[in-house]
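Each chain, written out:
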2 protein chains.
Amino acid sequence: MKNLNISIAGLGNVGSAVVNVIEDNSSYWEKKTNLSLNIIGLSAKNINQERSFDIKKYKWVETPIDLLNINDLKPDILIELIGYEKDISYDLVKSALNNKIHVVTGNKAMLALHGQELFKIAEKNKVSLLFEAAVAGGIPIIKTLKNNIFLNKIKKISGILNGTTNYILTTMELQNKSFNDVLEDAKQKGFTSDHESKLDIGGYDAAHKLTLLSSIAYGGEIDFNLNEIEGIQNITIEDINFVKQLGFRIKLISETRVIDNKIYSSTKPKLISLDKPLANANNALNAINIVTDQLQNLYLEGEGAGGLPTASSILSDVFEIANNVDVRSIGYNTDQLTRYEKFDSSNIESKFYLRIRVIDQSGVLSKITSYLNEYNISVEKILQIPDSKENNIPILITTHKIKTSELLNSVKKIGELEFVDQNISIIPIE
Amino acid sequence: MKNLNISIAGLGNVGSAVVNVIEDNSSYWEKKTNLSLNIIGLSAKNINQERSFDIKKYKWVETPIDLLNINDLKPDILIELIGYEKDISYDLVKSALNNKIHVVTGNKAMLALHGQELFKIAEKNKVSLLFEAAVAGGIPIIKTLKNNIFLNKIKKISGILNGTTNYILTTMELQNKSFNDVLEDAKQKGFTSDHESKLDIGGYDAAHKLTLLSSIAYGGEIDFNLNEIEGIQNITIEDINFVKQLGFRIKLISETRVIDNKIYSSTKPKLISLDKPLANANNALNAINIVTDQLQNLYLEGEGAGGLPTASSILSDVFEIANNVDVRSIGYNTDQLTRYEKFDSSNIESKFYLRIRVIDQSGVLSKITSYLNEYNISVEKILQIPDSKENNIPILITTHKIKTSELLNSVKKIGELEFVDQNISIIPIE
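Remember, predicted model here, so these are calculated numbers, not experimental data. (Residues numbered from 1 in each chain as written. Chains lettered and ligands numbered in written order. Predicted model: local features only at pLDDT ≥ 70, side-chain atom pairs only at ≥ 80, totals over all residues.)

**Description of the overall build of chain A**
Scanning chain A for helices and strands turns up 12 helices and 16 strands. Its C-alpha atoms give chain A a radius of gyration of 24 Å, within 12% of the compact-globule value 22 Å for 430 residues. Principal-axis analysis of the C-alpha atoms gives chain A an extent of 85 × 45 × 35 Å. For chain A, with 430 residues in total, the buried portion stands at 50%. A separation threshold of at least 6 residues defines the contact pool for chain A, and within that pool the share at least 24 residues apart is 75%. (Helix = DSSP H or I, 4+ residues; strand = E, 2+ residues; numbered from the N terminus. Rg over C-alpha atoms; globule rule 2.2 N^0.38 Å. Buried ≥ 20, exposed ≤ 12 C-beta atoms within 10 Å, placed from the backbone. Contact = placed C-beta atoms within 7 Å.)

Here it is as structure tokens:
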């Protein structure tokens with residue numbers, strides 16, 4: 001029997017679920033595997049908060065740093081679930097690693113911004129800093145990339161990495177509500193906070209996660225600055241409904257590729273064809289497509305957040321440590337990592353969806369078509385939507401592939417035409 | 001740098017792809033990881049067959065067993081891709097293990113039937129017998145279960161584990177062709193052979209794979225006899241088209257659960273709701289749903305066969321061996337495995353699809369309805385399809401949940417009614 005002593009910092013949804021699962025499953029695990037987990041210390045903001053387990057059964061410490069030494073006992077593993085980008089989380093993790101304590105964390109912001117330093121410290125101290133829970137909740141995407149398909153050459157990773165924005169987009173469509181209305185609902189129901197929702201909606205949380213995936217996939221230094229980020233705050237219910245008529249759904253898609261030896265990591269809303277699984281991964285689901293030299297597509301879908309799914313990922317890291325897996329925390333020795341430059345996204349070629357509002361006058365469709373042609377936008381599909389309530393009418397366009405910079409130039413010119421509303425929706429098509 | 005010497009037995013699609021990938025990626029791997037793979041010997045049926053690589057660059061041996069000793073050099077790993085259920089594959093793998101050589105294989109039939117013995121031999125000799133390639137082609141399902149979510153309590157695994165049958169069902173629907181026509185096409189195009197297609201179509205190949213998944217999930221002895229198996233040979237194009245009108249698609253679904261401490265492992269055609277990803281995993285794709293105490297659903301989808309995807313799985317096993325992962329080949333010590341009994345499937349509750357042909361006379365729908373009611377079949381949906389060509393007409397029914405044995409009894413009685421065609425389609429709904 002292998003005994004591991006564990007300290008846990010942070011007892012929100014996920015931390016509490018970890019305690020619950022350890023309590024519920026310890027006798028099952030003793031039969032299933034040779035592993036026994038022993039919680040030697042807990043810490044959280046408030047000892048008096050109501051919890052799903054009996055806090056009195058455990059040693060409580062007021063200051064997280066004391067978790068690293070409980071009555072002269074050093075834990076084998078510290079589980080960090082406080083979740084601050086720096087400050088207390090960073091200090092605690094750094095101290096643990098320097099004390100040769102393995103760390104398991106779900107803290108994507110901290111790793112995306114300070115991972116390069118922290119992984120080096122882990123390596124120097126010959127301990128693991130694992131983070132399955134930091135990306136895509138219950139989907140074991142880190143281990144899939146790092147252990148299961150590490151000998152593949154990754155060509156592209158793309159998917160839905162943020163549950164909150166996916167929930168908002170799904171709810172807008174289902175309830176035919178505006179972005180702001182759905183966001184307010186979500187806040188009132190406690191699904192997301194002001195601070196969280198800024199990171200979620202702005203695309204930053206997904207970009208934090210993508211930063212980690214990109215490093216493992218391409219052996220690059222962890223560098224959040226490589227990300228191109230656009231959130232969902234400008235997505236209108238109007239466009240959600242329009243694109244459905246064209247056979248698409250809008251999703252916040254995070255994508256990472258290497259182009260010309262540079263990293264292209266982008267998080268932005270995109271149109272996904274309704275016949276793709278990604279388009280139907282709704283609500284708080286996360287979903288990821290992986291394309292490699294050997295796999296045309298490997299698709300993983302599962303819960304992107306929540307106590308139990310994330311606890312599953314935390315415990316998978318504990319299991320990896322228990323098995324003495326001789327792999328590096330991020331798949332590489334840190335001195336092996338390449339310092340990639342950022343690919344200039346204006347060079348990306350893509351199909352686009354455009355929604356142009358024009359003054360309702362005869363011949364306007366043929367006018368727009370000829371301007372699109374003049375400005376080198378090759379149209380795949382064009383659809384004029386009748387709208388009796390407005391004195392301008394929307395024209396929906398999907399283009400053939402075009403360089404982003406060219407498209408933006410052309411759209412600018414079209415926006416300057418006198419019969420066109422300057423406010424043109426532009427969303428790339430995956 | 002870690003150097004591993006490899007022998008490969010069998011150079012079909014998969015074996016050749018393994019050689020190709022090793023040739024193409026070796027310098028990439030040396031940078032990405034500290035691994036160098038060296039092919040020290042090859043063997044296959046016919047040295048003269050045209051191949052995707054230059055056979056002359058390698059040491060060829062006539063008799064596979066000689067792969068275990070190439071000029072007094074013992075390989076670290078034998079890759080077995082001959083694929084016989086017993087005979088030469090079994091003898092070779094057994095000898096390799098007894099000679100303390102790790103084995104990586106894609107041979108599901110051998111493992112489903114003789115795995116219990118072979119895993120014991122591997123364990124005794126302290127070497128690995130790994131088999132990621134044996135289940136679901138390029139999807140890393142074995143490592144997902146054994147390494148990534150091993151601390152989860154698995155409640156249910158279900159999915160599409162055979163690419164050939166999935167391709168046949170998809171093609172029947174797309175081309176509106178009969179089962180036999182599509183099968184003949186597939187044989188003529190060389191997609192499947194007589195022997196292979198018997199295993200595929202009969203559901204045996206999927207059941208071989210399910211046997212392995214079930215063992216890892218529930219810690220049971222490897223026992224092919226626990227499987228309940230029904231193939232796709234009786235699926236008609238008529239039913240494929242009918243169920244689509246009801247919002248379903250027919251898939252060959254393999255499912256394993258523990259019920260009342262017994263194993264229920266079933267491979268049979270089922271109706272999948274079109275809004276589930278599984279229903280849209282078409283052609284040769286494989287796809288798997290995993291439900292656990294911590295995950296409501298983890299869904300994996302990818303190529304179920306083919307050279308490169310399967311090579312990806314073979315190489316993931318090589319990588320696992322290279323990393324000295326201290327986990328057991330099948331997740332457990334073999335003496336830990338439970339000898340499960342088979343759950344009596346007549347006790348399974350399920351919704352069902354029924355297609356009943358009746359003589360076209362007035363009042364027949366209400367007659368059927370009242371008989372269904374009398375025989376305790378609770379109807380969810382009933383649909384009478386007009387058919388001008390036949391003198392009998394099909395009535396489509398989906399039932400509420402009912403015990404399989406009860407349903408079969410009732411259907412038997414309905415088949416005996418004079419205005420009913422005895423030939424009633426019965427397919428469970430997932």
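Don't stop here, the text continues.
**So, the interface of chain A and chain B**
If you look at the interface, chain A gives 43 residues, while chain B gives 43 residues. Here the side of chain A that touches chain B gets seven residues from one element, more than from any other, and that element is helix H10 (residues 307-322) of chain A. Of the residues assigned to the side of chain A that touches chain B, the class counts are 20 nonpolar, 17 polar and six charged. (Nonpolar A, V, L, I, M, F, W, Y, C, P; charged D, E, K, R; others polar.)

**A few points about the domain arrangement of chain A**
Residues and elements named next belong to chain A. For chain A, the domain assignment lists domain 1 (2-130), domain 2 (141-302 + 339-343) and domain 3 (348-429). Of note, the centres of domain 1 and domain 2, computed from C-alpha atoms alone, are 28 Å apart. If you look at the interface, domain 1 gives seven residues, while domain 2 gives eight residues. A class-by-class count of the residues in the side of domain 1 that touches domain 2 yields four nonpolar, two polar and one charged. (Domains from an automatic or database assignment.)

**Some words on the environment of Asp239 of chain A**
Residue and element names in this part refer to chain A. Positionally, Asp239 belongs in helix H9 (residues 237-245). Here the alpha-carbon distance between Asp239 and Ile168, two residues 71 residues apart in the chain, equals 14 Å. Those residues within four positions of Asp239 in sequence are excluded, and the remaining contacts are Ile250, Arg355 and Ser425.

**Focus on the relation of the copies chain A and chain B**
Each copy of the sequence occupies a distinct position, and chain A is placed on chain B by a rotation of 180 degrees and an axial shift of 0.0 Å, giving an RMSD of 0.0 Å. Such a combination of turn and shift is consistent with a two-fold rotation axis. Interface overlap between copies: 100% of the residues of chain A at the interface are likewise at the interface in chain B, consistent with a symmetric, same-surface contact. (Least-squares fit on C-alpha atoms with pLDDT ≥ 70 in both.)

**A few points about the packing of helix H4 (residues 141-148) of chain A against helix H8 (residues 204-218) of chain A**
Between two packed helices, the angle of one axis relative to the other and the distance separating the axes together describe the packing. All names here are of chain A. Relative orientation of the contacting elements H4 and H8 amounts to 10 degrees, with a least axis distance of 10 Å. Between H4 and H8, the angle falls in the class roughly parallel. Contacts between H4 and H8 involve Ile141, Ile142, Leu145 and Lys146 on the former and, on the latter, Leu213, Ile216 and Ala217. Here the contact of H4 with H8 is composed, by residue class, of six nonpolar, no polar and one charged. (Axes fitted to C-alpha atoms, helices over the stretch in contact; angles between N-to-C directions. Parallel < 35°, antiparallel > 145°, perpendicular 65-115°, else oblique.)

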